[in-house]
Amino acid sequence: MLAAIWWTIFTVCGIWGQVLVPGVDFFAPGMAISLRWQKPVVTVILALVWVAIQEGAGGLAFGYGILWYFTLFALLTLGRWLLDPGSFQFQALLGLALGIAHLLLLYLMAVLEVRAFPFKRVLGECLLQTLIYPVLWYTADNLFPDRLKRHEESS
């Protein structure tokens, strides 16, 4: 029950954050925390909810949210083999990678939809994603209840 309450509050805060700072994904740190501390099925359920929110609220054609979370999952999984997922340095590098991924995915979607690509605005969003992600991760990871943490499995 505590997990459901915590993730609901996290999701509501993420929605609120995305309203205040458009173009920045406030759910991404949640995926990193869920992959580290929760069972995989919890991460899948959360990702499906967040993809539905992103796809439903976004102005792009269907698919950006799926590509975004697949990219995030791949970066988290691959990065975990190389660095400690609990380190701020790893999360800062992940924030940089997500900023670049945001630029590339938005450009891809703009090309596929034959839309104009507002480079300066997207570049600002990428910079914000890069800077905000590690701070959000650090805050959420420290607020995540110890009772919900399962022991990490050795790689």
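Refer to the structure above for everything that follows.
What you are looking at is a predicted structure, and each value in this text was computed from that prediction instead of being measured.

## Let's talk about the nonpolar core
One finds Trp7, Met31, Trp50, Tyr69, Leu72 and Leu76 to be the most contacted residues of the largest nonpolar core, which totals 33 residues. Examining the composition of this core, we find that seven residues originate from one element, helix H5 (residues 88-112), more than from any other. Beyond its immediate chain neighbours, meaning those up to four positions away, Trp7 contacts Gly30, Ile33, Ser34, Gln38, Val42, Leu46, Trp50 and Phe144.

## Brief notes about the pattern of salt bridges
Counted according to the given criterion, the structure contains three salt bridges. Arg36 is the salt-bridge partner of Asp141, the closest N and O atoms lying 3.8 Å from each other. Residue Asp141 is located in helix H6 (residues 119-143), and its partner Arg36 is located in helix H2 (residues 28-37); the two are separated by 105 residues in the primary sequence. Residue classification places Asp141 among the buried residues on the basis of a relative accessible area of 11%.

What counts and how
Residues numbered from 1 in each chain as written. Predicted model: local features only at pLDDT ≥ 70, side-chain atom pairs only at ≥ 80, totals over all residues. Heavy atoms only, no water. Core = buried A, V, L, I, M, F, W, Y, C linked by side-chain atoms within 4.5 Å. Buried < 20%, exposed > 50% of the residue type's maximum accessible area, 1.4 Å probe, protein only. Helix = DSSP H or I, 4+ residues; strand = E, 2+ residues; numbered from the N terminus. Contact = heavy atoms within 4.5 Å. Salt bridge = Lys/Arg side-chain N within 4 Å of Asp/Glu carboxyl O.

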